[in-house]
Amino acid sequence: MSAKIIDGNVLAREIRAEWKARSDLLTEQGMQPGLAVIIVGSNPASSIYVRNKARACDEAGIHSEIHSFPESTNQNEVILRIRELNADPRIHGILVQLPLPNHFESREIIASISVEKDVDGFHLYNVGALVTGNTVFPPCTPFGVIKMLEKNNIAIEGRHAVVVGRSNIVGKPMALMLLERGATITICTSKTRNLADHTRRADILVVATGRPHMITSDMVKPGAAVIDVGINRMPDGKLTGDVDFESVKEVAGHLTPVPGGVGPMTISMLLCSTIAAAERALARA
Ligand code: NDP
């Protein structure tokens, strides 16, 4: 058996085209969606992500601004800028590129973003909304995974979903979103004993560990949908996922590649959330 490979680039393009129409309509009504991205320091990976987000915004008709601060910046200067952006009617989404330098308290920075503009969904208000099933801004990466499952008609309700990884940005919100849609959930971590005993029971297996190729074919149930969130830069410079693609594709029913899988979906979901925030702002105006 050879898995159906889910092309994240194609799906992401389709979703962006659907949402571009909504963005254009808002612009016609005088409410062009706007996204502000804050970046502190010069982490090369973060700089690439931020540039990609700005380019994707342009293509979707979204006004975007990049607010760059040097590594030496004091945390209060960033909070002051966020407050200005909170009050700026041209901006509907504010995103702080993580990780921040060590002398920053990320929690305080995120807490200063207006909950109506927190497009990443990391503010504690939005985390609470997600936990209680009243999601306003779904965190972009797990939301992209849900869209990949839905667009491929992979049933979630009543299935057993195993999420490997429990970070606040991927693993935990992923598990909550699958739970909300009626899946039975297992969350595995680095402390899990006999990981393969759990992963082999998964109808849907989502892996977000940052450990290249840790999921091998003997850990996958035949026919399972395997979603690889991991992005790992190998010594030869190539990107690879947390799943051993070549062996797992012979066992899984669906499989996402790295690159070209979940990554492009994450950016599309950010654009959708920014446009949705502008639609809500128009409704309030
Ligand atoms: P974190 O490092 O914050 O979390 C990794 C998680 O994996 C932890 O919960 C850890 O467990 C768990 N883990 C590590 N090793 C094992 C193991 N051997 N067995 C089981 N669980 C393990 O990473 P993130 O969640 O931020 O990111 C995960 C990966 O996803 C990275 O490669 C990252 O680059 C990628 N990513 C991709 C995105 C995309 O758009 N495609 C977006 C965000 C991230 P414990 O808690 O016990 O330490």
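For the rest of this paragraph, the subject is the pairing of strand E6 (residues 184-188). As defined by bridge partners, strand E5 (residues 160-164) adjoins E6 across five bridges and the pair is classed as parallel. Across the sheet, residue His160 finds its bridge partner in E6, namely Thr184. Assessed by its sense of winding, the connection that carries the chain from E5 through helix H7 (residues 171-180) to E6 is right-handed.

Bringing the sheet that holds E6 into the picture now. Note on sheets: strands pair through backbone hydrogen bonds, and any given pair is parallel or antiparallel. Sheet architecture is open: six strands sit in the order E1-E11-E8-E7-E5-E6, paired in parallel fashion. Among the strands making up the open sheet, the edge pair consists of strand E1 (4-5) and E6. On the sheet, H7 packs against E5, E6 and strand E7 (204-207) and is oriented at approximately 170° with respect to E5.

To continue, consider the pattern of salt bridges. Side chains that differ in charge, positive against negative, can pair when their charged atoms come close. Scanning all chains against the criterion turns up 14 salt bridges. Put simply, Arg181 and Glu150 hold a salt bridge, and the shortest N to O gap is 3.8 Å. One end of the pair, Arg181, is in the loop between H7 and E6; the other, Glu150, is in helix H6 (residues 140-151), and 31 residues separate them in sequence. Ionic contacts of the salt-bridge type, sharing partners, join the residues Glu65, Asp88 and Arg90 into one network.

Attention now moves to the side chain of Asp120. Assignment of secondary structure puts Asp120 in the loop between helix H4 (106-111) and helix H5 (124-131). No salt bridge is formed by the buried Asp120. Its closest oppositely charged neighbour is Lys53, at 6.0 Å. Setting aside chain neighbours within four positions, we find Asp120 in contact with Leu95, Val96, Pro139 and Cys140.

By secondary structure assignment, the location of Val37 is in strand E2 (residues 34-40). With a relative accessible area of 3%, Val37 lands in the buried category. Between the C-alpha atoms of Val37 and His254, which are 217 residues apart in sequence, the distance is 34 Å. Leaving out residues up to four positions away in the same chain, Val37 has contacts with Val50, Glu65, Ile66, His67 and Leu95.

Judged by pairing direction, the sheet is parallel, and its three strands sit side by side in the order E3-E2-E4 without closing on themselves. Looking at which strands have only one partner, the edges of the open sheet turn out to be strand E3 (63-69) and strand E4 (93-96). In this sheet, neighbouring strand axes are inclined to one another by 15° on average, regardless of whether the strands run parallel or antiparallel. Summarising the sheet, E2 and E4 pair through four bridges and their orientation is parallel. Its bridge partner lying in E4, Val37 is registered against Leu95. Strand contacts of helix H3 (residues 75-87): E2, E3 and E4, with the helix running at about 165° to E3, the strand carrying the most contacts.

When the parts of a complex come together, some accessible area is lost, and that lost area is often used as the size of the interface. Taken domain by domain, the chain consists of domain 1 (30-119) and domain 2 (140-263). Taking the mean C-alpha position of each, domain 1 and domain 2 sit 28 Å from one another.

This part covers the site of the ligand. Residues in close proximity to the ligand total 23 residues, the closest being Arg166, Ser167, Ser190, Ile231 and Thr266. Between the ligand and Ser167, the relevant distance is 2.5 Å, taken from an oxygen atom to a side-chain nitrogen or oxygen of the residue. Here an oxygen atom of the ligand sits 3.0 Å away from a polar atom, N or O, in the main chain of Ile231. Top contributing element to the shell around the ligand by residue count: helix H10 (residues 262-284), with three residues. Grouping the constituent residues of the shell around the ligand by class yields nine nonpolar, eleven polar and three charged.

In this structure, the largest pocket spans a volume of roughly 1300 Å³. Secondary-structure elements contributing two or more residues to the lining of the largest pocket are helix H2 (44-59), E4, H6, strand E9 (232-233) and H10. Looking at the lining of the largest pocket residue by residue, the classes come out as 25 nonpolar, 14 polar and eight charged. For the second largest pocket, the calculated volume is near 490 Å³. The wall of the second largest pocket is formed by 20 residues, among which Phe122, Leu124, Val127, Asn168 and Ile169 lie closest to the centre. When residues of the lining of the second largest pocket are traced back to their parent elements, those giving at least two are H4, H5 and H7. Here the lining of the second largest pocket is composed, by residue class, of 14 nonpolar, four polar and two charged. The residues that make up the lining of the second largest pocket include at least three from each of domain 1 (30-119) and domain 2 (140-263).

With that out of the way, let us pick up the pairing of E2. Where burial is concerned, most of E2 is hidden: seven out of the seven residues are buried. Side-chain alternation along E2 places Gly34, Ala36, Ile38 and Val40 on one buried face and Leu35, Val37 and Ile39 on a second face that is also buried. Read from E2 through H2 to E3, the crossover connection turns out right-handed.

Reading guide: rules and limits
- Throughout this document, residue positions are counted from 1 along each chain, in the order its sequence is written.
- Whole-chain, interface and lining totals are the exception, using all residues; otherwise, since this is a predicted model, local features are given only for residues with pLDDT of at least 70 and side-chain atom pairs are given and counted only at 80 or more.
- Side-chain numbers come from the whole structure's heavy atoms, not from hydrogens or water.
- Note: two strands are recorded as paired if DSSP finds a minimum of 2 bridges between them.
- Helical segments are the DSSP runs of H or I of at least four residues, strand segments are the runs of E of at least two, and each set is numbered from the N terminus.
- Assignment of crossover handedness uses the view with strands pointing away from the viewer, where a clockwise path from the first strand over the helix to the second indicates a right-handed crossover.
- Note on definitions: a residue-residue contact is assigned when non-hydrogen atoms from the two residues lie within 4.5 Å.
- Interaxial angle, 0 to 180 degrees, is taken between N-to-C directions of lines fitted to C-alpha atoms, where a helix line uses only the stretch in contact.
- The term salt bridge refers to a pairing of a side-chain nitrogen on Lys or Arg with a carboxyl oxygen on Asp or Glu at a separation within 4 Å.
- Burial classes: relative accessible area under 20% of the type maximum marks a residue as buried, over 50% as exposed, and values in between as partly exposed (1.4 Å probe, protein chains only).
- Note on charges: Lys and Arg go in the positive column, Asp and Glu in the negative column, and His and the chain ends are not counted at all.
- Marked domain ranges trace back to an automatic or database domain assignment.
- It suffices for a single heavy atom of a residue to lie within 4 Å of a molecule or strand for the residue to be listed as near it.
- Polar contacts, as counted here, are pairs of nitrogen or oxygen atoms within 3.5 Å of one another; within protein the pair requires one atom able to donate a hydrogen and one able to accept it, and residues that are adjacent in sequence qualify only if both atoms are side-chain atoms.
- Charged means Asp, Glu, Lys or Arg here, nonpolar means Ala, Val, Leu, Ile, Met, Phe, Trp, Tyr, Cys or Pro, and polar covers whatever is left, Gly included.
- Space inside and on the surface of the protein is sampled on a 1 Å grid over the protein atoms alone, with a cavity defined as a set of points where a 1.4 Å probe fits but cannot get out and a pocket as an open set with protein on both sides within 12 Å along at least 5 of 7 lines; lining residues have an atom within 4 Å of a point.
- Grid points are joined across faces, edges and corners, and a volume is the space filled by probe spheres set on the points.

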